[in-house]
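# Structure assessment
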Amino acid sequence: MATSRSILEAITRNRVYRSIVRRGLADTNRNRSLAIFGNFFLHIHPVKVNLRAIAFTRTFYLGGLSAAAFFILVVTGIFLMFYYHPSVPRAFEDMKDLEFVVYMGLFLRNLHRWAAHAMVALVLLHMVRVFFAGAYRPPREFNWVIGVVLLLVTILLSYTGYLLPWDQLAYWGVTVGTNMADAVPFVGEQIKFLLLGGNSVNENALLRFYVLHCVVLPALLVLLASVHIWRVRKDGGIYLGSPGGEEKTSGSKEDDISTESKAAD
Amino acid sequence: MSQTLKFKLETDENARQSPVRLVVVQGEQRPAVEVEDEPQVMTMPHLLVREGIALITFSLLLVLLAIFVDAPLEEMANPQKTPNPAKAPWYFLGLQELLHYYPPLISGVLLPGLVVLALVVIPYFNINLERKALWEENRARKLAYVWVSVAVLSAIFLFTGAHPVWPLVIPLWAVAMVMSLPAVFPQQGRFILWLGNRSLAFWIFLWFLIASVALTVIGVAFRGPGWEYTLPWRDGIY
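The shown structure was predicted, so the numbers you read here are calculated from the model rather than taken from an experiment.

### Here we look at the overall build of chain B
Helix and strand counts for chain B come out as nine helices and one strand. Along the chain direction, N to C, the helices and strands of chain B fall in the order β-α-α-α-α-α-α-α-α-α. Here chain B, with 238 residues, has 21% of them falling under the buried criterion. Across chain B, the fraction of contacts at a sequence separation of at least 24, relative to all contacts at a separation of at least 6, is 61%.

### Observations concerning the overall build of chain A
From N to C terminus, chain A includes 13 helices and one strand. Walking chain A from its N terminus toward its C terminus, one meets helices and strands in the order α-α-α-β-α-α-α-α-α-α-α-α-α-α. By the compact-globule yardstick of 18 Å for 265 residues, chain A is too spread out, its C-alpha radius of gyration being 24 Å. On the principal axes, the C-alpha backbone points of chain A span a range of 60 × 60 × 30 Å. A total of 265 residues make up chain A; the buried ones form 36% of that total.

### Comments concerning the interface of chain A and chain B
Counting from both sides, the interface comprises 76 residues of chain A and, opposite them, 67 residues of chain B. At the level of elements, α3 (29–37), β1 (48–50), α5 (62–82), α6 (90–100), α7 (105–133), α8 (141–163) and α9 (168–181) of chain A are the ones that each hand at least two residues to the side of chain A that touches chain B. Among the residues forming the side of chain A that touches chain B, the class breakdown is 45 nonpolar, 18 polar and 13 charged. Pairing between β1(A) and strand β1 (residues 40–42) of chain B: three bridges, direction antiparallel. Paired with A:Lys48 across the two strands is B:Met42, which belongs to β1(B).

### Quick notes on the nonpolar core
With 70 residues, the main nonpolar core has A:Ala69, A:Ala115, A:Met119, A:Leu163, A:Trp166 and A:Ala170 as its most contacted residues. Apart from residues no more than four positions distant in its own chain, A:Ala115 is found in contact with A:Ala69, A:Ile72, A:Leu73, A:Thr76 and B:Leu62.

### Remarks on the environment of B:Ala214
All names here are of chain B. Examined against the element boundaries, Ala214 turns out to sit in helix α8 (residues 200–221). For the pair Ala214 and Val169, spaced 45 residues apart in the sequence, the C-alpha separation amounts to 11 Å. Setting aside residues no more than four positions away along its own chain, Ala214 makes contact with Pro167 and Pro171.

### As for the domain arrangement of chain A
The domain boundaries assigned to chain A delineate domain 1 (14–43) and domain 2 (51–237). The centre of domain 1 of chain A, based on its C-alpha atoms, is set 35 Å off from the matching centre of domain 2 of chain A.

### Section: the confidence of the model for chain A
Residue and element names in this part refer to chain A. Mean pLDDT over chain A works out to 89, with 91% of the residues at or above the 70 mark. Below pLDDT 50 for its whole length, residues 243–253 participates in 21 contacts with residues either more than four positions away or in separate chains. Contacts of residues 256–265 to residues separated by more than four positions or lying in other chains number six contacts, the stretch itself having pLDDT below 50.

### Some thoughts on α5(A)
Across its 21 residues, α5(A) extends 30 Å between first and last C-alpha, which sits within 8% of the 30 Å expected from 1.5 Å per residue. Those residues of α5(A) not exposed but buried are A:Gly63, A:Leu65, A:Ser66, A:Ala68, A:Ala69, A:Phe70, A:Ile72, A:Leu73, A:Thr76, A:Gly77 and A:Leu80. Contacts from the buried residues of α5(A) go to α4 (56–59), α7 and α11 (203–234) of chain A together with α1 (43–68) of chain B.

### Looking at the packing of α8(A) against α9(A)
Residues and elements named next belong to chain A. Close contact between α8 and α9 brings their axes to 7 Å; oriented N to C, the two are set at 130 degrees. Relative to α9, α8 is oriented oblique. Here α8 contributes Tyr159, Tyr162 and Leu163 to the contact with α9, which in turn contributes Ala170, Gly173, Val174 and Gly177. Tallied by class, the residues present in the contact of α8 with α9 amount to five nonpolar, two polar and no charged.

### Remarks on unusual backbone geometry
Phi is mostly negative for residues that are not glycine, and the peptide bonds are mostly trans. Residues and elements named next belong to chain A. Along the chain, Val88 connects to Pro89 via a cis peptide bond; the corresponding omega equals 5 degrees. Relative to the elements of secondary structure, Pro89 occurs in the loop between α5 and α6. One non-glycine residue, Met104, adopts positive backbone phi at about 60 degrees. Relative to the helices and strands, Met104 is located in the loop between α6 and α7.

### Quick word on the packing of helix α6 (residues 166–184) of chain B against α8(B)
Residues and elements named next belong to chain B. As a packed pair, α6 and α8 sit with axes 9 Å apart at the nearest point and diverge in direction by 145 degrees. When the axes of α6 and α8 are compared, the crossing they make is right-handed. Taking contact as the criterion, the partners of Pro167, Leu168, Pro171, Leu172, Val175 and Met179 in α6 are, on α8, Trp203, Leu206, Trp207, Ile210, Ala211, Ala214, Leu215 and Ile218. Considering only residue class, the contact of α6 with α8 consists of 14 nonpolar, no polar and no charged.

### A short note on the confidence of the model for chain B
In the predicted model, chain B carries a mean pLDDT of 88, and 87% of its residues have values of at least 70. Predicted as a complex, the structure gets a pTM of 0.89 and an ipTM equal to 0.89.

### Section: the environment of A:Pro218
Tracing the sequence through the fold places A:Pro218 in helix α11. Ignoring sequence-local partners within four residues, the contact set of A:Pro218 consists of A:Val74 and A:Leu157.

### A short note on the environment of A:Ala26
Mapped onto the elements of the fold, A:Ala26 is located in the loop between α2 (15–20) and α3. Put simply, A:Ala26 and A:Ala135 are 109 residues apart on the chain and 33 Å apart in space, counted from C-alpha to C-alpha. If we ignore the near neighbours within four places in the chain, the residues touching A:Ala26 are A:Asn31, A:Arg32, A:Ala35 and B:Met44.

So, how was this worked out
- Residues numbered from 1 in each chain as written.
- Chains lettered and ligands numbered in written order.
- Predicted model: local features only at pLDDT ≥ 70, side-chain atom pairs only at ≥ 80, totals over all residues.
- Helix = DSSP H or I, 4+ residues; strand = E, 2+ residues; numbered from the N terminus.
- Buried ≥ 20, exposed ≤ 12 C-beta atoms within 10 Å, placed from the backbone.
- Contact = placed C-beta atoms within 7 Å.
- Rg over C-alpha atoms; globule rule 2.2 N^0.38 Å.
- Nonpolar A, V, L, I, M, F, W, Y, C, P; charged D, E, K, R; others polar.
- Pairing = 2+ DSSP bridges.
- Core = buried A, V, L, I, M, F, W, Y, C linked by C-beta atoms within 7 Å.
- Domains from an automatic or database assignment.
- pLDDT = per-residue confidence, 0-100.
- Expected span 1.5 Å × (residues − 1).
- Axes fitted to C-alpha atoms, helices over the stretch in contact; angles between N-to-C directions.
- Parallel < 35°, antiparallel > 145°, perpendicular 65-115°, else oblique.
- Left-handed = near helix turned anticlockwise from the far one by under 90°.

Here it is, written out as structure tokens:
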């Protein structure tokens, strides 16, 4: 213990380390605070958190895990982009190359695919959790709206990615979906044409979906998710149903699990 | 309270000469500022360790899944060869299942549009903010309202579609029956008490949730060629 500590101190007590991380070991509460608010990536967190707020069963970390899934998708997606051409029939041939030629190519594609399904599921579950907690209450109304848009962007991201392998599953899955656009009154055909770059799913559609999938939608998602997280932080962190009694006075008995169980005990 | 305060509003571009002197703290719209006597811990390490565990566990599960289960890849896209059934990805199969009952304008445009709109406006209706226990007052009248609504909705979903929309109607009946329990058997144990404390918003969302899951599960696993009912172990999933 003593040696590992002295090794750690040797690493952290020099000009180079301190120029990167402006604090010593996180062994005092001061340094632990600095570890959070002195860090670009961690400053979305407060320095201290309510113990109730970080319990796994409160949030199941669904929002954070959605972000984790997105991070995995970005990394695997960038690798996949190195091996992918959004053209017919090259796109499908690239799938075969990923399977048989590229080192760990199949694993890469598998990971991207399963993380994508996981992300859609996690975002949906996150929304359900937030609803049942009543966490959309003022001042968080608009953040809920942003969340709904994020859900739509997530689904669109998954859906645009669905076409890219250019196999039968992709082609007909997207054909079924985009045929729905025809049903939109007055502008249905135009919307479909705009989306597909033609009247049916073809090479133009593949290119459009590729650009949407790799550039437009991820950028939009990052932007909206940043606002989403920032607003959670500005509104006081995870919604805890205010134990101060705001809800008790309004006569609601729902959502206030802590007071409810206390009353029952 | 209603004492008139005299403020003099001055604007000046030079922040040095005219420092801001007034801070207005609005109630309600800001996070709670009163000190709450609740246990607090340092984010580093308590939250960060939890986040790390969650992240690593999740990544590990995905990696195992990716090692042992391959992403599906069929033959190359062929516009001349329509598979039967042609299915969208799972999160759209609820909508595709609805397509079986209603024309595309309703099932593909109107209903999903309404669902998104309904989700967006949730926090702007007081009924969703207050979430009062449904059966607290006017029990008999509310019970009548609930079952009239159930009857109307059932009639709509049973008779307006090409087929009766059982995936919507059965969850509706189930939810309505469970939500009515506290009104019919008041004060009967903790579970009934808990049910009685739920709000109307809770029940409506629950119906939406169960119906969506039912539609999606049917679309994913129980629909085969010609969108006829089948069993997943006979025709597989997708």
